[in-house]
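Each chain, written out:
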Amino acid sequence: MPNMSVTVNHAIKAFKGKHKLEAVLVQDRASGEVKEWRYDGVFVFIGLAPKSDLVKGLVEIDEGGFVVTDKTLMTSLPGLFAAGDVRAGATKQAASAAGEGATAALMIREYLKSVG
Ligand SMILES: Cc1cc2nc3c(=O)[nH]c(=O)nc-3n(C[C@H](O)[C@H](O)[C@H](O)COP(=O)(O)OP(=O)(O)OC[C@H]3O[C@@H](n4cnc5c(N)ncnc54)[C@H](O)[C@@H]3O)c2cc1C
């Protein structure tokens, strides 16, 4: 990629430019140094760290921090279901997350029927 460079561990502080991008202000998270880089285009990748702290210690979580579910989307804690990006094996797409939400709702109904 001769016209691109990949930079990690920097926070975007500002995009500068009048009618098009001219520069980006970034802060190095390690040193705290703020730098201005002149670029025509930027692709910001924010990462994929799941926010599963809420259920940590309560349900099985994989090494990446994703919540493990069975095929009914139930977690290792009976009656607790997970859907969307936080779920291990999820495709990380909006349509899938919405579909999993609907599936989880139907599975919860089945679960509630089964426990009377
Ligand atoms: C930059 C970017 C571009 C994307 N582009 C596309 C695309 O083009 N097409 C596509 O299909 N998908 C795209 N995605 C993926 C899509 O956004 C996700 O798959 C989808 O939003 C996942 O939905 P979700 O409900 O599982 O999680 P989220 O949308 O992340 O929602 C989780 C919510 O839970 C909240 N939350 C977290 N912890 C707690 C807590 N302890 N208590 C209460 N609330 C909490 C969060 O604040 C958040 O509002 C993109 C994602 C990103 C980041």
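Computed from a prediction, not measured in an experiment: that's the story for all the values here.

Participant: Explain the domain arrangement of the protein chain to me, using residue names and the numbers behind them.
Facilitator: Taken domain by domain, the protein chain consists of domain 1 (1-47) and domain 2 (53-114). The C-alpha centroid of domain 2 is placed 35 Å from the C-alpha centroid of domain 1.

Participant: Can you explain the side chain of T69? Please cite residues and give values.
Facilitator: As for its position among the elements, T69 is in the loop between β3 (34-37) and α1 (94-114). Relative accessible area serves as the criterion here: at 17%, T69 is assigned to the buried category. In terms of polar contacts, T69 uses its side chain to reach the side chain of R87, at 3.1 Å. Beyond its immediate sequence surroundings of up to four residues, T69 is in contact with M74, T75, A82 and R87.

Scoring rules and cut-offs
- Residues numbered from 1 in each chain as written.
- Predicted model: local features only at pLDDT ≥ 70, side-chain atom pairs only at ≥ 80, totals over all residues.
- Heavy atoms only, no water.
- Domains from an automatic or database assignment.
- Helix = DSSP H or I, 4+ residues; strand = E, 2+ residues; numbered from the N terminus.
- Buried < 20%, exposed > 50% of the residue type's maximum accessible area, 1.4 Å probe, protein only.
- Polar contact = N/O pair within 3.5 Å; in protein donor to acceptor, adjacent residues only side chain to side chain.
- Contact = heavy atoms within 4.5 Å.

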